[in-house]
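These are the residues of each chain, in order.
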Amino acid sequence: MMMLVPEAYKNHPTLSIKYPEAIDFYEYYKGQMEAWDGPALLLFRAFGYSSEDVQMVIETMASQGKEPTFCMGDDIPLAVLSQKPHMLFDYFKQRFAQVTNPAIDPLREGLVMSLEVNIGKRGNILEVGPENADQLGRETLSFWVKAFSEDTAQRLENFGFIQSRPGGEFHANNPEMSKLLHKAIRERSDNAYTIYQQHLASRPVNVLRDLVELKSERPPIPIGKVEPATSIVERFCTGGMSLGAISRETHEAIAIAMNRIGGKSNSGEGGEDPIRWSPLADVVDGYSPTLPHLKGLQNGDTATSAIKQVASGRFGVTPTFLVNAEQIEIKIAQGAKPGEGGQLPGKKVSAYIARLRNSKPGVPLISPPPHHDIYSIEDLAQLIFDLHQINPKAKVSVKLVAEAGIGTVASGVSKANADREELRARFPGVPGDLVNYFLFVAEENAGLPKWSSSQIRSQDVHSNGPVLDETILADPEVIDAIENEKEVSKTYPIYNVDRAVCGRVAGAIAKKYGDTGFAGQLNITFTGSAGQSFGCFLTPGMNVRLVGEANDYVGKGMAGGELVVVPVDDTGFVPEDAAIVGNTCLYGATGGQVFVRGKTGERFAVRNSLGQAVVEGTGDHCCEYMTGGCVVVLGKVGRNVAAGMTGGLAYILDEDDTLVPKINKEIVKMQRVNAPAGQMQLKGLIEAYVEKTGSAKGAKILSEWEAYLPLFWQLVPPSEEDSPEACAEFERVLARQATAVKSAK
């Protein structure tokens with residue numbers, strides 16, 4: 001204790017006379033520890049902190065001012081079942097795989113959403129009696145006693161709550177378990193798998209279901225009368241694990257294994273590499289140049305995921321991704337990752353991951369709360385309609401909530417600060433091992449009656465019924481243009497019951513040519529009032545014009561092309577003063593241009609990746625969670641602009657100095673448009689906008705360019721600060737870098 005909390009011994013007359021040896025003691029040990037480290041150590045120990053807490057949580061919070069994110073997985077026993085002492089608050093910890101991003105956003109939309117609750121007298125739902133409370137009290141007190149005992153150590157204990165270690169807390173995913181499982185599946189040994197099962201059966205109580213035992217008085221069913229394992233595995237589906245959360249090798253090996261057994265793997269959030277959509281035909285001795293990082297391959301293997309996920313972030317969701325799905329899963333609730341619901345830290349966003357997600361390497365990617373287009377049952381029904389529109393052959397399912405076990409540490413996940421490439425190099429990548437494992441699991445369940453899922457799986461795909469797109473696709477000239485990559489121009493009336501118009505046309509193009517391969521051009525004009533999701537999932541080569549107005553979700557998920565919305569002539573109102581399209585337009589766009597003569601609703605360009613847009617005003621939350629692209633607003637915006645915006649640029653006209661308090665400055669910075677490249681980008685987009693829409697407001701800005709340019713603000717996230725459009729000294733920086741490179745040589 002004297003070492004940990006030394007008194008002020010220098011210039012202490014009584015101490016130097018009566019206890020000179022104490023001064024010698026303090027002098028000897030003063031270099032062992034900083035003066036403030038001892039008291040901090042005692043307090044940390046008294047309040048139950050471990051060395052893991054300090055190194056993996058507190059240090060990050062202190063140095064970066066935010067909560068840390070590391071690999072997913074919480075596989076230690078519940079505090080109430082643990083043999084290790086826990087602090088009181090551990091007993092009230094949320095189950096790891098419960099919903100971590102419900103359809104509210106108090107973090108970035110605090111102006112309209114709150115987590116505030118009223119606390120009042122209620123019944124004791126936990127039914128904790130005096131004995132239980134006394135036990136919890138003694139456990140909490142034990143930390144305090146240990147901190148101030150005579151044999152207090154100079155280091156914090158490592159309880160092993162986060163990472164498995166000898167003598168620490170039990171982890172369900174432990175080295176011994178992994179070795180036994182690997183031995184069983186690699187040798188395809190029934191005896192080895194039995195030993196693995198025995199290991200699981202004898203493990204410490206970890207979760208509540210470990211306290212339950214299945215009992216049956218039914219006599220065993222003869223093995224000849226039960227469904228074979230090879231049939232059972234066809235009903236297996238893997239949980240959605242995104243590429244990036246797990247490595248490429250793991251992701252592809254899982255997909256290949258599931259396709260071999262006739263089951264379904266799930267892409268998770270983040271898209272899928274197009275090279276995975278075709279069966280392998282170049283395998284020699286188990287290796288393929290197409291997938292060189294895997295072994296144990298066979299000709300005919302397919303690395304595609306039958307189930308393709310559409311999550312709130314829309315990362316990797318393109319028209320071609322969707323039309324190559326056998327089943328599409330809408331993820332409403334995120335329950336498998338720490339951080340902001342679903343968050344991929346910047347250090348895990350490699351060049352490969354960034355390409356698939358239409359982002360930049362090193363930029364953190366946040367899956368926003370799912371309230372943008374699935375807040376209500378009606379919203380969800382519309383998204384289901386949209387997905388059936390682009391891919392009428394795919395079934396659409398909904399992931400309501402992640403269940404226990406989803407947070408398991410998957411092979412290929414980077415642990416804490418470990419070197420990810422080193423771990424990836426050690427991954428064997430043999431799909432056959434997974435096939436063996438699934439067959440073992442199926443044999444465990446042999447003897448159960450046939451599951452009703454067989455009937456569900458054989459149901460017909462839901463149909464959207466008669467839609468306007470069928471009329472368009474039945475036109476011989478349109479068919480000829482798509483089949484032979486020609487140009488055609490068509491005009492159709494549209495009504496507000498016509499939803500997701502152009503989605504099926506886009507799907508037909510994407511199925512044949514991919515997201516960028518169509519060399520023809522469809523010029524389609526609509527007149528009237530469009531229903532929800534007008535122009536969703538557009539592909540390059542589709543130039544769509546609406547003369548009238550549109551509802552919510554205009555341009556949702558568009559990957560290319562051009563989408564223009566203008567009012568009818570002689571409207572009786574000033575176009576730039578009226579909203580002409582609804583809420584959540586350009587959501588999750590990965591390309592293309594949108595020009596709207598008039599205002600948009602709320603949440604314009606939310607999670608926009610690469611789309612470009614010019615509009616004359618927006619509601620609240622404009623550019624929220626945007627990761628790329630460019631948005632120009634030639635009028636007033638609502639509140640909370642650029643919340644969660646980690647990429648792309650925005651230019652907003654501020655004629656009356658009211659913009660500054662409307663910007664969410666957590667991430668982006670505001671600056672005038674000083675870079676020549678930025679000025680060119682802004683002017684070029686406005687010129688294209690005026691040409692397409694005939695906007696009087698845009699024409700006036702161009703005619704008085706020198707006067708209007710200083711009134712624009714440019715919103716710049718950190719990932720764009722060095723871009724030529726945002727950096728006024730970009731050329732000078734390049735020259736300086738070139739000089740440094742020459743000097744180094």
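Just so it is clear, the structure is predicted and the values come from calculations on it, not from any experiment.

A. Representation of the pairing of strand β7 (residues 521–530) in the model. One ladder, built from eight bridges, connects strand β6 (residues 487–494) with β7; its direction is parallel. Across the sheet, the residue bridging to Ser 489 is Asn 523, located in β7. Running through helix α18 (residues 503–513), the crossover from β6 to the neighbouring parallel element β7 is right-handed.

B. A look at the confidence of the model for the protein. Across the protein, pLDDT averages 87, with 89% of residues at or above 70. Predicted confidence is poor over residues 402–419, with pLDDT under 50, and the contacts of this stretch with residues over four places away or in other chains come to 48 contacts.

C. Up close: the sheet that holds strand β1 (residues 307–310). The strand order across the open sheet built from three strands is β1-β2-β5, with neighbouring strands paired in parallel fashion. Strands with a single pairing partner mark the edges of an open sheet, and in this sheet they are β1 and β5 (395–399). If you compare each strand with its neighbour and ignore which way they point, the axes differ by 30° on average. Pairing of strand β2 (residues 327–331) with β5, which is carried by five bridges, proceeds in the parallel orientation. Looking at β5, one finds that Ile 328 is bridged to Val 396.

D. Summary view of unusual backbone geometry. A positive phi is found at Arg 603, a non-glycine position, where the angle reads about 60°. Tracing the sequence through the fold places Arg 603 in the loop between β10 (591–596) and β11 (612–615). Notably, Asp 657 is not glycine yet its phi reads approximately 55°, a positive angle. For Asp 657, the location among the structural elements is in the loop between β13 (647–653) and β14 (669–672).

E. Summary view of the packing of helix α19 (residues 676–693) against helix α20 (residues 696–703). The geometry of α19 relative to α20 is characterised by a closest axis approach of 9 Å and an angle of 140° between their N-to-C directions. By the criterion of interaxial angle, the relationship of α19 to α20 is oblique. As for how α19 packs across α20, the hand of that crossing is left-handed. Across the interface between the two elements, Lys 683, Ile 686, Glu 687 and Val 690 of α19 pack against Gly 698, Ala 699, Ile 701 and Leu 702 of α20. When grouped by side-chain class, the residues that make up the contact of α19 with α20 number five nonpolar, one polar and two charged.

Criteria and cut-off values
Residues numbered from 1 in each chain as written. Predicted model: local features only at pLDDT ≥ 70, side-chain atom pairs only at ≥ 80, totals over all residues. Heavy atoms only, no water. Pairing = 2+ DSSP bridges. Helix = DSSP H or I, 4+ residues; strand = E, 2+ residues; numbered from the N terminus. Right-handed = clockwise from strand over helix to strand, strands pointing away. pLDDT = per-residue confidence, 0-100. Contact = heavy atoms within 4.5 Å. Axes fitted to C-alpha atoms, helices over the stretch in contact; angles between N-to-C directions. Parallel < 35°, antiparallel > 145°, perpendicular 65-115°, else oblique. Left-handed = near helix turned anticlockwise from the far one by under 90°. Nonpolar A, V, L, I, M, F, W, Y, C, P; charged D, E, K, R; others polar.

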